[in-house]
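Each chain, letter by letter, is given below.
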Amino acid sequence: LLMFLRPLCHLIAAAGLAALSACSSTRPDPAASPAFAPLTLTIAHLNDHHSQLEPIPAVELVLDGVATQVELGGFARQTTLFRQQQASAKNLLKLYAGDAVTGTLYYTFFKGAADARLMNTVCFDAFALGNHEFDDGDGVLRHFLDQLQTAPDCPAPTPVLAANIVPAPGSPLSPSGTPLNLPYVIKTVEGVRIGIIGIDIVGKTVNSSRPLATTQFLDETTTAQRTIDTLKAQGVRHIVLLTHQGYDNDRKMAAALTDVDVVIGGDSHTLLGDFT
């Protein structure tokens, strides 16, 4: 995960949660401009679970100086945490930063269907494609995305984001000529529009996974700025980048971009925050 802040905005981040206070990017004349109430936006996010749906048993941690066996993780615990935040946090966005699949027998046997079923217990507001989503090609990825869109208990299907991926018309990811992946999604929170842009890592996906040769992968930074500019032209002032390209790449990209409030990233599995 990775989070940056834009001047005049305030960001608090800890253990997968980010609280963003919306703000003005200019300094208006108080006598000429209307007053705007502050907006608090909370982001709860997950990345790279790699089909690890069950808890990991018998892990030894040293707690208060005592060696203690614990059971770690499991997707059911993630769902519980998201639901707790949904009940208590103000204006919650639930985001997933890629690499949901590949890594256990749940993927070997079910090719993403089991992952999608459990992801739909969270009802993510956006899911960004990662490199491992393409491990078995565009057709198998399409099967996973179809399952992710089948969520009877969610208010709406999870938008799948990747601004820098362009599937060929008629291919599994663009069967009708309109890509299944979107460049961005806009969420309206208390009347304020928040743009969420998806970016996937290019080199690793093309060289280590198996996307179709006809699927185009565009430069990450150039595509991100172009999409930001598109949203700005629509009057969207608050931008969240949902990326899957690793901590170091996110830092480099953030330094090269303008008008980004927050970066939520995956791929490098970098744990950020104070866990003392």
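Residues numbered from 1 in each chain as written. Predicted model: local features only at pLDDT ≥ 70, side-chain atom pairs only at ≥ 80, totals over all residues. Heavy atoms only, no water.

(A) Examining the overall build of the chain more closely. Of regular secondary structure, the chain possesses seven helices and 14 strands. Within the chain, contacts between residues separated by at least 24 positions form 69% of all contacts whose residues are at least 6 apart in sequence. In the structure as shown, the chain presents an accessible area of about 13400 Å², 56% of it carried by carbon and sulfur atoms. (Helix = DSSP H or I, 4+ residues; strand = E, 2+ residues; numbered from the N terminus. Contact = heavy atoms within 4.5 Å. Areas by Shrake-Rupley, 256 points an atom, 1.4 Å probe, with all protein chains shown as cover.)

(B) A look at helix 4 (residues 137-148). Between its terminal C-alpha atoms helix 4 stretches 17 Å, which fits the 16 Å expected from 12 residues at 1.5 Å a residue. Among all positions in helix 4, only Gly-137, Asp-138, Leu-141, Phe-144, Leu-145 and Leu-148 are buried. Buried residues of helix 4, viewed axially, fall in a sector of 115 degrees; they line one side. Where the residues of helix 4 are buried, they touch helix 3 (113-119), strand 7 (126-128) and strand 8 (160-161). (Expected span 1.5 Å × (residues − 1). Buried < 20%, exposed > 50% of the residue type's maximum accessible area, 1.4 Å probe, protein only. Arc of directions from axis to C-beta.)

(C) How the structure looks around the nonpolar core. The biggest cluster of nonpolar side chains holds 29 residues, and the ones touching the most others in it are Met-119, Phe-124, Phe-127, Leu-129 and Phe-144. Secondary-structure elements contributing two or more residues to this core are strand 3 (39-46), helix 1 (75-88), strand 6 (92-96), helix 3 and helix 4. It is helix 4 that provides the largest number of residues to this core, a total of four residues. Leave out the neighbours within four places in its chain, and Met-119 touches His-49, Phe-75, Tyr-96, Ala-100, Phe-124, Phe-127, Phe-144 and Leu-148. One finds Ile-43, Ala-126, Leu-242 and Ile-264 within the second-largest nonpolar core, a separate group that totals 17 residues. (Core = buried A, V, L, I, M, F, W, Y, C linked by side-chain atoms within 4.5 Å.)

(D) The arrangement of the packing of aromatic side chains in detail. Per the stated rule, a full pass over the model turns up five aromatic pairs. Ring plane angle 85 degrees and centroid distance 5.5 Å describe the contact between Tyr-96 and Phe-124, whose orientation is recorded as edge-to-face. Taken together, the residues Tyr-96 in strand 6 and Phe-124 in the loop between helix 3 and strand 7 connect sequence positions 28 residues apart. Comparing Tyr-96 with Phe-124 shows no difference in burial state: the two are buried. Centroid distance Phe-127 to Phe-144: 5.8 Å. Interplanar angle 80 degrees. Geometry classified as edge-to-face. Of this pair, Phe-127 sits in strand 7 while Phe-144 sits in helix 4, and the two are 17 residues apart along the sequence. (Phe/Tyr/Trp six-rings, centres within 6.5 Å; stacked < 30°, edge-to-face > 60°.)

(E) Region of the structure containing the pattern of salt bridges. In the structure shown here, the tally under the stated rule is eight salt bridges. Residue Asp-136 is joined to Arg-210 by a salt bridge in which the shortest nitrogen-to-oxygen separation is 2.8 Å. Taken as a pair, Asp-136 in the loop between strand 7 and helix 4 and Arg-210 in the loop between helix 5 (203-208) and strand 12 (216-217) lie far apart in primary sequence, 74 residues in all. Exposure remark for Asp-136: the relative accessible area of 25% places this residue in the partly exposed category. (Salt bridge = Lys/Arg side-chain N within 4 Å of Asp/Glu carboxyl O.)

(F) Here's a closer look at the side chain of His-50. Looking at the element boundaries, His-50 is found in the loop between strand 3 and strand 4 (56-63). Judged by its relative accessible area of 14%, His-50 falls in the buried class. There is a polar contact of 3.0 Å between the side chain of His-50 and the backbone oxygen of Thr-102. At 3.5 Å, the side chain of His-50 forms a polar contact with the side chain of His-269. (Polar contact = N/O pair within 3.5 Å; in protein donor to acceptor, adjacent residues only side chain to side chain.)

(G) The arrangement of the pairing of strand 10 (residues 184-189) in detail. Where strand 10 and strand 11 (residues 192-200) come together, six bridges link them in antiparallel fashion. Opposite Val-185, over in strand 11, you have Ile-196 as the bridge partner. Adjacent in sequence and paired antiparallel, strand 10 and strand 11 are bridged by two residues, among which Glu-190 carries a positive phi angle near 50 degrees. (Pairing = 2+ DSSP bridges.)

(H) Spatial organisation of the sheet that holds strand 10. Read across the open sheet, the four strands follow the order 10-11-13-14; overall the sheet is mixed. The open sheet terminates on both sides in strands that have one partner only, identified here as strand 10 and strand 14 (262-266). Within this sheet the neighbouring strands show an average axis-to-axis angle of 20 degrees, counted without direction. Relative to strand 13 (residues 238-244), strand 11 is paired through seven bridges, and the arrangement is parallel. Directly across from Ile-194, in strand 13, lies its bridge partner His-238. Strands strand 10, strand 11 and strand 13 of the sheet are contacted by helix 6 (residues 220-233), whose axis makes an angle of about 160 degrees with strand 11. (Axes fitted to C-alpha atoms, helices over the stretch in contact; angles between N-to-C directions.)

These figures come from the coordinates and say nothing about function on their own.
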